[in-house]
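What follows is each chain in one-letter form.
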Amino acid sequence: MREKSLEYHSLHPKGKIQVVPTKPTRDSFDLSLAYSPGVAYPCLEIKENPDLVYEYTNKGNLVGIITNGTAILGLGDIGPAAGKPVMEGKAVLFKKFAGIDVFDIEVDAKDPDDFIKAVKMLEPTFGGINLEDIKAPESFYIEEELIKAMNIPVFHDDQHGTAIITVAGLLNAFELNKKRPSDVKMVVCGAGAAGIAIAELVQHIGIRKEHIFLVDTKGVIHTERTDLNSTKQKYVQKTNARTLADVMQDADIFVGVSVADMVTEDMVKSMAPNPVIFALANPDPEIPYAVAKKVRPDIIMGTGRSDMPNQVNNVLGFPFIFRGALDVRAKHITLEMKLAAARSLAELARMEVPDAVSLAYGGEKFVFGPDYLIPKPFDQRVLYHVAPAVAEAAVQSGTARRPYPGRENYISFLEGLMRS
């Protein structure tokens, strides 16, 4: 894999993305329109009416993926340059799955305020900002301040993307095991950006805050801890449980966003009947899929791996969330838009799966159930299901600045976009 990957990235042209012109450049007249003197006319129009930047440039279909390299894809603080291959990879996914153009920008700024200032100054360029791979707790502050300061969508995918797909999976798990969200006990292993975002979002589908137990590298987050930052302090619980093993007893749900091999067979055995485990550490989950299923046949399980059932994969979220947000020119990505994305994914998984999806996965058949809670990334219906739901939620929550054409017309627009 290492040699194949290095060869893949180093073949000419280097890297994974490039910029190509979208207008004819056949002769000198074309060039006079693209640049001098013709380009002056759209410039003057935009000067008089700044909103026309969306009419005469690619701003409305352009997202900036921006990182400082402090929490790169399970690799940690490896720096902005070393994180660039990941940002280019994210750009590929935006384009492949939702037709969105991307500039990846790696910023050499560990100080949160420096990073915020740098990103804010880029607002004229982009229709939206995807913050990526920024370590917690700074990531919370950075996203919060940029949302307040900018009039385009700002979305830290490491937080919200994982949370949205997790919620989609949980909605369908409840459909299968018939548990009431308000009754369940939930354990979240990993109290960084993703873990906190999951704990926040699941409350909006009925899971009670007092039933959510967070575990970090030092154990359960409880009232007697004196080493907690302000974000973790929101989730202190009055409990005698101190270790992951303690708190896993009688838990209905375990979500892991930590590291491999955190969960033992005994921990799984101690969980409540018909438990749910989403072990999302990559590349190796907190407990192997086969081990957990062997110990508890009644389990509903997902991982972050593509070679196992129920992959909780952010690619099911961010391309389509941004697509819907850009197309109604949303100022922000709201809670309602995140929940709309999660619910639409859950609904899609309950629908009959067309043969084209099976063909994309070697002929495997998918039917809603314990081994198929979440749609597959190569299911082309995800775009046409999630983006409209997000766009509609943007309109309903008052953040949209452009009229929504109705679902049928919008889906026709998306189909044309993807054909082109």
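On a predicted model such as this, the values are computed, not experimentally measured, just so you know.

### Let's talk about the nonpolar core
Part 1 of the argument: Counting residues in hydrophobic clusters, the biggest one holds 77 residues, and the most contacted among them are Leu170, Met186, Ile207, Leu214 and Ile253.
Part 2 of the argument: Ranked by the residues each element gives to this core, the list is headed by helix α17 (residues 381-396), at nine residues.

### Regarding the UniProt feature "domain: Malic enzyme N-terminal" (unreviewed entry) in the protein
Part 1 of the argument: What UniProt calls "domain: Malic enzyme N-terminal" (unreviewed entry) maps, in this numbering, to residues 14-147.
Part 2 of the argument: What you have in residues 14-147 is 43% helix and 12% strand, and the ends, taken at the C-alpha atoms, are 34 Å apart.

### With respect to the UniProt feature "binding site: (S)-malate" (unreviewed entry) in the protein
Part 1 of the argument: Mapped onto this numbering, the UniProt entry gives "binding site: (S)-malate" (unreviewed entry) at Asn282 and Asn313. In sequence the annotated residues extend across 32 residues, while in space they remain close, none of their C-alpha pairs exceeding 10.8 Å.
Part 2 of the argument: Checked against the element boundaries, Asn282 lands in the loop between β9 (276-279) and α13 (289-295).
Part 3 of the argument: For Asn282, the residues in contact, after removing those within four places along its chain, are Gly304 and Arg305.
Part 4 of the argument: By the element assignment, Asn313 lies in the loop between β10 (300-303) and α14 (318-327).
Part 5 of the argument: Discounting residues that sit within four places of it in the chain, Asn313 has contacts with Ile165 and Pro377.
Part 6 of the argument: Within the structure, Asn313 has its side chain in polar contact with the backbone nitrogen of Val315 (distance 2.9 Å).

### Here we look at the sheet that holds strand β3 (residues 128-131)
Part 1 of the argument: The parallel open sheet is built from four strands, whose spatial order is β2-β1-β3-β4. Each edge of the open sheet is held by one strand with a lone partner, namely β2 (101-106) and β4 (154-156). For this sheet the average axis-to-axis angle between neighbouring strands, irrespective of direction, equals 20 degrees.
Part 2 of the argument: With three bridges joining them, β3 and β4 adopt parallel strand pairing. Each residue of the ladder has a partner; that of Leu131, found in β4, is His156.
Part 3 of the argument: Against the sheet, helix α5 (residues 80-98) contacts β1 (62-67), β2 and β3, and its axis sits at roughly 170 degrees relative to β2.
Part 4 of the argument: On the sheet, α14 packs against β1, β3 and β4 and is oriented at approximately 160 degrees with respect to β3.

### Some thoughts on the domain arrangement of the protein
Part 1 of the argument: Splitting the protein by domain gives domain 1 (1-22 + 58-152), domain 2 (160-303) and domain 3 (314-419).
Part 2 of the argument: A straight line from the C-alpha centre of domain 2 to that of domain 3 covers 26 Å.
Part 3 of the argument: Across the contact, 20 residues belong to domain 2 and 20 residues belong to domain 3.
Part 4 of the argument: One can count zero salt bridges joining domain 2 with domain 3.

### Observations regarding the environment of Gly99
Part 1 of the argument: Its place among the elements puts Gly99 in the loop between α5 and β2.
Part 2 of the argument: Residue Gly99 is classed as buried on the basis of its relative accessible area, which comes to 10%.
Part 3 of the argument: For the pair Gly99 and Phe320, spaced 221 residues apart in the sequence, the C-alpha separation amounts to 9.6 Å.
Part 4 of the argument: Excluding anything up to four places from it in sequence, Gly99 contacts Asn61, Phe94, Arg323 and Met418.

Reading the values: the criteria
Residues numbered from 1 in each chain as written. Predicted model: local features only at pLDDT ≥ 70, side-chain atom pairs only at ≥ 80, totals over all residues. Heavy atoms only, no water. Core = buried A, V, L, I, M, F, W, Y, C linked by side-chain atoms within 4.5 Å. Buried < 20%, exposed > 50% of the residue type's maximum accessible area, 1.4 Å probe, protein only. Helix = DSSP H or I, 4+ residues; strand = E, 2+ residues; numbered from the N terminus. UniProt positions renumbered as here; feature names shortened; annotations may be inferred. Contact = heavy atoms within 4.5 Å. Polar contact = N/O pair within 3.5 Å; in protein donor to acceptor, adjacent residues only side chain to side chain. Pairing = 2+ DSSP bridges. Axes fitted to C-alpha atoms, helices over the stretch in contact; angles between N-to-C directions. Domains from an automatic or database assignment. Salt bridge = Lys/Arg side-chain N within 4 Å of Asp/Glu carboxyl O.

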